[in-house]
Amino acid sequence: MSRIQQLFARKKENVLNVYYTAGFPALDSTLRVLEALQANGADMVEIGMPYSDPLADGPVIQQSSQVALANGMTIAVLLEQLKEMRSRIQVPVILMGYMNPVLQYGFEKFCAEAAAVGVDGLILPDLPEYEFVTEYGEMVRKHGLDFIFLVTPETSEKRVRRLDGLSSGFLYAVSSSSTTGSEKNMEAVDAYLQRLKSYDLKNPVLVGFGIKDKNSFVSATKAANGAIVGTAYIKTLEENNDVNSSTAAFLKNMLE
Amino acid sequence: MKTSYKLPNKEGYYGKFGGAYIPEMLHPNVEELQSRYLEIMQEPSFKKEFEEMLRDYVGRPSPLYYAKRLSAHYQTDIYLKREDLNHTGAHKINNTIGQILLAERLGKKRIIAETGAGQHGVATATVCALKGLECIVYMGEKDIERQAPNVARMHMLGAKVVAATSGSKTLKDATNEAIRDWINHPTDTHYIIGSVVGPHPYPDMVARFQSVISEETRKQLLAKTGSELPTKVIACVGGGSNAAGMFYHFLDEASVDIIAVEAAGMGLNSGLSAATTALGKPGVLHGSRSIVMQTDDGQVVEPHSISAGLDYPGIGPLHAHLFASGRGIFLSATDEEAVRAAFFVARNEGIIIALESAHAFAALDQLTLSKQDRVVICLSGRGDKDMATYMKQMTMTNQL
Ligand SMILES: Cc1ncc(COP(=O)(O)O)c(C=O)c1O
C-alpha cells in the first residue's frame, strides 16, 4: 500500500490536503512550510512546482509561482531540498506541476528521483489521458508513484469512471470549471459531490478549487473524503511571511 | 502510402508534434470541437456560407500580383498573394469567418480571442459585430501600447479589450488569459484562436480555414503562368497561420520549396529574439507539443520581435513537424532587416506592408534565386497598424 492509500485506509473523512508553491515565499522555505503543515494537522501536502505559464491557476498561485521562479526554484533544486525530508515528514507528499518543465527534466528521470526522495504521487493537470495511457503511465507505475487525475462537474459519468480507473491514491474533484482560487456556490458543489459518491468509485475523492475556510471545508467534505486548499493558504503566506505562525493560524481556523 | 504533411492523425499529431495537452477543465470545450469540427465544416450549408462570406464580405479571391520591380531587382519572378487587401487588412479574417460560423452552429453566445498585433482581435471583433455576439479580446499590456490603432478599431467594433498583465505582457500571456477565461466558461463560450496553435483540433481547423490562400494561388498561377506550381513559397511565421494557409496545397508537392521566416528580433544570439525553431526545443505550450523557446528548466522565455504578431515563443505543431522532418526551410530575419524590407517594398511596389509580412520579404536577400524560379510570397497584412514604428525609423534616418 502506498503512503496515500495508507492514509485513506486510516482516515476516510475530513482529510485535509494543503497545496503550496515550492520556493515560496523564500527559496529555502519549502521544507519549513512542509514541516509546519504537518505539525499543524495537514493530512497530506501537495507541493506545486512553479511554471511560467500555469494555465489552470488563478492570479494568486500565478503570483506565487512568479516569486518562486524569481527566487530560483527549479525541479532540480526542489528534489535536492526534499532529499532528507523522510527523516522528519510522515504525511504523504504529492508533486503538482505542468508538463513542460517535467518533460525538460526528463519524464522518467523525474519519476525515479521523486520516488527516491519519498514523494508519493503526481498531479500533472495538462498530461492528457491518451498520452498517459500510451506513454507516461508506465513510467509513473514503474517507480511506484500514485497518479491523480482531475474531474469536473462537466465530466461525464463514463469519463469519471475511466479517469478513476487510471488514477491511484485519490481522485481530484475540481469543484466547478474554473481556475484555482475562484468563488464557489457550495450547494452546487455538494450536489456534484453527491453524484460522484453515488458512482461508488475505486478511489477516495478529494475536492479542490475554492475551498478557503472552515465553512467551505465542512461543506465540501460532507460528500467527499476530504478537500484540498491552496489559494487561501498562499494568501496567508503572502500576508504573513513567518511560516510557522501563519501556518498555525491558518490550520487552526480550518480545523477547529 | 506516403502520408500527407497537411493532416494530423486522429489524436492531432503531426509526426511527434500536436496533441491536446489540456487540463480536465477544458475537456468539454475541446472535446466538443474535436468531435464536431469536421462534420460541421463539411455541411453544404456551412461551405456555402463560408464561401459567400469570403467572396462578398472579405473580398476574396485576394489578387495574386506579379511584383515587377521586385522581380527585376532579384532577377527572378516574384508574385505577391495579397492578403493585405482583405477586409480588416490581413489573412486573419479567413479564420475568424470560419470559426464564427462554427461557433454559431455550436450554439455559442460569447466569443473570446487573444491577439498580438491586434489584427486577429480586429478580425474577431468584426465577425462578432456581424453576428451580434459578445466579444472579449485578451491583449498583452505591451501590445496594447504598440498597436494602439487596432485597439481603437476593436473598441469601435464593440469588443471589450482586456489587458494581459502577467509575464511578458505580450501574445503568450494574452493566450494564457484567454485559455483561463475559457476554463471559467465551460459551456457558452467559443475561443477563436488566431493561429495554428493550441490543442487539437485548432491547428488543423485553422489551417483548413486559411488553406484558401494556397487553393486560390494554384488557380491564379495556372492562369498567369500555365503552371499551378511555384518553385518557392515564402511566409512569415508567428504561430504560423498565414504560412499554413500559404503552404497547405503545396506541402505534398515535392518540387515546391516551403520557406518559413521567423522573427530573429535583435539577432539570434542577442537574447532578444522570437526565432522559435532556431532557439527552441520540443515542449508543451498552450495545449500542444511543439517547439518552444524555453530555459533549461522548461520555463517559457519571453521572446522579442519588433512585430507584435511574431512575438511568440512557440510555433504551430504543423510547422514543428515541417522543421523536424526537413520538409520546410526555416529562415529568420532581424527587426532591422524587416524594417528595411518594408521600406524597400513601399518604395518599389507602392505597398506599405505589415511588419510581420516584412520578415517574409527580408528572406529574399538570403535565398539564391534564378530566372527559373517562380516565387510566391504571402503578403499577410497591410502596414497601417505599424505606421508608428515606421515613422520612428524615418525620424531616426531624417526622412521626416
Ligand atoms: C499581418 C500579419 N501577419 C502575420 C501574423 C502572424 O501570425 P501567423 O504566424 O499566425 O500568420 C500576424 C499576427 O498578428 C499578422 O497580423
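The rules we used
Numbering of residues starts from 1 in each chain and follows the order in which that chain's sequence is written. Ligands are numbered from 1 and chains lettered from A, in the order in which they are written. Given that the model is predicted, a residue must reach a pLDDT of at least 70 before its local features are reported, and side-chain atom pairs must reach 80 or more before they are shown or counted; all residues, however, enter totals for whole chains, interfaces and linings. In computing side-chain properties, one takes all heavy atoms of the structure into account and sets aside hydrogens as well as water. Any two strands are treated as partners once DSSP identifies two or more bridges connecting them. Runs of E in the DSSP output that reach at least two residues are strands. Runs of H or I that reach at least four are helices, and both are numbered from the N terminus. Between N-to-C directions, angles span 0 to 180 degrees; the directions come from axes that are lines fitted to C-alpha atoms, helices contributing only their stretch in contact. Neighbouring residues are identified by heavy atoms, a residue being near a molecule or strand if any of them is within 4 Å of it. Definition of a polar contact: a pair of N or O atoms within 3.5 Å, with one able to donate and the other able to accept a hydrogen when the atoms are protein atoms, and with sequence-neighbouring residues admitted only if both atoms are side-chain atoms. Only the protein chains shown count as cover for residues, and the accessible areas themselves come from Shrake-Rupley with a 1.4 Å probe. Three classes are used: nonpolar for Ala, Val, Leu, Ile, Met, Phe, Trp, Tyr, Cys and Pro, charged for Asp, Glu, Lys and Arg, and polar for all others, with Gly counted as polar. Only one rule defines a salt bridge in this text: a Lys or Arg side-chain nitrogen within 4 Å of an Asp or Glu carboxyl oxygen. Definition of nonpolar core: a set of buried residues of the types Ala, Val, Leu, Ile, Met, Phe, Trp, Tyr and Cys, connected through side-chain atoms within 4.5 Å. Buried residues are those whose accessible area, probed at 1.4 Å on protein chains only, stays under 20% of the maximum for their type, while exposed residues exceed 50% and partly exposed ones sit between those limits. By definition in these notes, contact holds between two residues if any of their heavy atoms fall within 4.5 Å. One fewer than the residue count of a helix, multiplied by 1.5 Å, yields its expected span. The directions considered for the arc are those from the helix axis to the C-beta atoms. Put simply, buried area is how much 1.4 Å-probe accessible surface two parts lose in total, over both of them, once they are put together. Crossovers are described as right-handed under a simple rule: with the strands pointing away from the observer, the path leading from the first strand over the helix to the second runs clockwise. Any angle that is under 35 degrees is reported as roughly parallel, and any over 145 degrees as roughly antiparallel; angles of 65 to 115 degrees are reported as roughly perpendicular and all others as oblique. Helix crossings get a hand from a simple test, with the near helix turned counterclockwise from the far one by less than a right angle marking a left-handed crossing and a clockwise turn marking a right-handed one. Where each domain begins and ends follows an automated or database-derived domain assignment.

A.B. asks: For this particular structure, what's the right way to read the sheet that holds strand S14 (residues 374–379) of chain B?
C.D. replies: Paired through their backbone hydrogen bonds, the strands of a sheet run either parallel or antiparallel. Residue and element names in this part refer to chain B. Strand order in the open sheet made by the six strands is S3-S4-S14-S9-S10-S13, with mixed pairing throughout. Two strands in the sheet have a free side with no partner beyond their single neighbour: strand S3 (64–66) and strand S13 (328–334). Strand-to-strand twist across the sheet, computed as the mean angle between neighbouring axes with direction ignored, equals 25°. Bridge count for strand S9 (residues 232–236) against strand S10 (residues 257–265) is five bridges, and the pairing is parallel. Bridged to Lys232 within S10 is Asp257.

A.B. asks: Where do I start with the site of the ligand in this structure?
C.D. replies: All names here are of chain B. Looking at the ligand, there are 18 residues lining it, with Ser195, Gly238, Gly240, Ser241 and Ser380 nearest. In this structure, Lys92 approaches the ligand through a side-chain N or O atom, which is 3.1 Å from an oxygen atom. Residue Gly238 places a main-chain N or O atom 2.7 Å away from an oxygen atom belonging to the ligand. Protein coverage of the free-state accessible area of the ligand, which is 400 Å², stands at 98%. Classifying every residue of the shell around the ligand by side-chain character gives five nonpolar, 11 polar and two charged.

A.B. asks: I'm lost on the pattern of salt bridges in this one. Help?
C.D. replies: A side chain of one charge can pair with a side chain of the opposite charge if their charged atoms are brought near each other. Inspection of the entire model under this criterion finds 41 salt bridges over all chains. Arg161 of chain A is the salt-bridge partner of Glu157 of chain A, the closest N and O atoms lying 3.0 Å from each other. Taken as a pair, Glu157 of chain A and Arg161 of chain A lie in helix H8 (residues 157–166) at a separation of four residues, close to a single helical turn. The shortest N-O distance in the salt bridge between Arg105 of chain B and Glu104 of chain B comes to 3.9 Å. Connected through salt bridges with shared partners, the residues Glu43, Glu49, Glu104, Arg105 and Lys131 of chain B form a single ionic network.

A.B. asks: Any chance you could explain the nonpolar core here in plain terms?
C.D. replies: The nonpolar side chains of a soluble globular protein tend to be buried, and buried together. Core analysis: the biggest nonpolar cluster contains 188 residues, and Leu34, Ile47, Leu82, Leu95, Phe107 and Phe170 of chain A together with Phe247 of chain B have the highest contact counts within it. Other than its neighbours up to four places away in sequence, Phe107 of chain A contacts Met99, Val102, Leu124, Leu127, Tyr136, Met139 and Val140 of chain A. Of all hydrophobic cores here, the second largest spans 36 residues; its members include Leu310, Val339, Leu364 and Met394 of chain B.

A.B. asks: How do you make sense of helix H9 (residues 186–198) of chain A when you look at a structure like this?
C.D. replies: One turn of an α-helix holds 3.6 residues; hence residues three or four places apart share an orientation. Residue and element names in this part refer to chain A. Between the first and last C-alpha of H9 there are 18 Å, a value that for 13 residues agrees with the 18 Å anticipated at 1.5 Å per step. For H9, the set of buried residues is Met186, Val189, Asp190, Tyr192, Leu193 and Leu196. On an axial view of H9, the arc spanned by its buried residues comes to 165°, and they lie on one face. Facing away from the buried side of H9 by more than 90 degrees, the exposed set consists of Glu187 and Ser198. Those residues of H9 that are buried are in contact with strand S6 (150–151), H8, strand S7 (171–174), strand S8 (205–208) and helix H10 (214–220). Backbone nitrogen of Glu187 and a side-chain oxygen of the N-cap are separated by 2.9 Å at the start of H9; the cap is Asn185. Two residues or fewer after H9 comes Asp200, characterised by a positive phi angle close to 55°.

A.B. asks: Sorry, what's going on with the sheet that holds strand S4 (residues 121–123) of chain A here?
C.D. replies: Residues and elements named next belong to chain A. One open sheet holds the nine strands; their spatial order is S5-S4-S3-S2-S1-S9-S8-S7-S6, and the pairing between them is parallel. Looking at which strands have only one partner, the edges of the open sheet turn out to be strand S5 (146–147) and S6. In this structure, strand S3 (residues 93–96) lies alongside S4, joined through three bridges in parallel fashion. From the neighbouring strand, Met96 faces S4, where its bridge partner is Ile123. Docked against the sheet, helix H11 (residues 231–239) engages strand S1 (15–21) and strand S9 (226–229), running at close to 50° with respect to S1. Across the sheet, helix H12 (residues 243–255) lies against S1 and S9, angled at about 150° from S1, the strand it touches most.

A.B. asks: Mind showing me how you'd approach the interface of chain A and chain B here?
C.D. replies: Where interface size is given, it is often the accessible area lost as the parts come together that is meant. With 35 residues of chain A at the interface, the matching set in chain B holds 34 residues. The contact between chain A and chain B buries some 2800 Å² in all, and 53% of this surface belongs to carbon and sulfur atoms. It is Asp53, Leu55 and Gln104 of chain A that lose the most area in chain A upon contact with chain B, and together they represent 22% of the buried surface on that side. Between Arg159 of chain A and Glu24 of chain B there is a salt bridge, with the nearest N and O atoms lying 2.7 Å from each other. Taken together, the links from chain A to chain B amount to 18 residue pairs in polar contact (both at pLDDT 80 or more).

A.B. asks: Got a minute to help me understand the pairing of strand S2 (residues 44–48) of chain A in this structure?
C.D. replies: Side chains on a regular strand alternate between the two faces of the sheet. Residues and elements named next belong to chain A. With five of five residues buried, S2 is to be regarded as a mostly interior element. With burial as the criterion, each face of S2 is covered, one bearing Met44, Glu46 and Gly48 and the other bearing Val45 and Ile47. Here S1 pairs with S2 via five bridges, running parallel. The residue of S2 that forms the bridge with Thr21 is Gly48. Each parallel crossover has a hand, and for S1 linked through helix H2 (residues 30–39) to S2 it is right-handed. Pairing of S2 with S3, which is carried by four bridges, proceeds in the parallel orientation. Looking at the pairing, Val45 lines up with Val93 of S3.

A.B. asks: Whenever I open this one, the packing of H11 of chain A against H12 of chain A confuses me. Can you help?
C.D. replies: When two helices pack together, their arrangement is given by the angle between the helix axes and by the axis-to-axis distance. Residue and element names in this part refer to chain A. Where H11 meets H12, the axes come as close as 9 Å, and the angle between the chain directions of the two elements is 140°. Comparing their axes, H12 and H11 come out oblique. As for how H11 packs across H12, the hand of that crossing is right-handed. In this structure, H11 contributes Ala232, Tyr233, Thr236 and Leu237 to the contact, and H12 contributes Val243, Ser246, Thr247 and Phe250. In terms of residue class, the contact of H11 with H12 is made up of five nonpolar, three polar and no charged.

A.B. asks: Even after reading the chapter, I still don't get the domain arrangement of chain B, so can you show me in this structure?
C.D. replies: Residue and element names in this part refer to chain B. As far as domains go, chain B holds domain 1 (21–54 + 92–206) and domain 2 (59–89 + 211–396). For domain 1 versus domain 2, the distance between C-alpha centres works out to 22 Å. Between domain 1 and domain 2, a total of about 2700 Å² is buried, with carbon and sulfur atoms accounting for 57% of that surface. When the area that domain 1 buries against domain 2 is broken down by residue, the three leading residues are Tyr21, Lys172 and Val196, summing to 21%.

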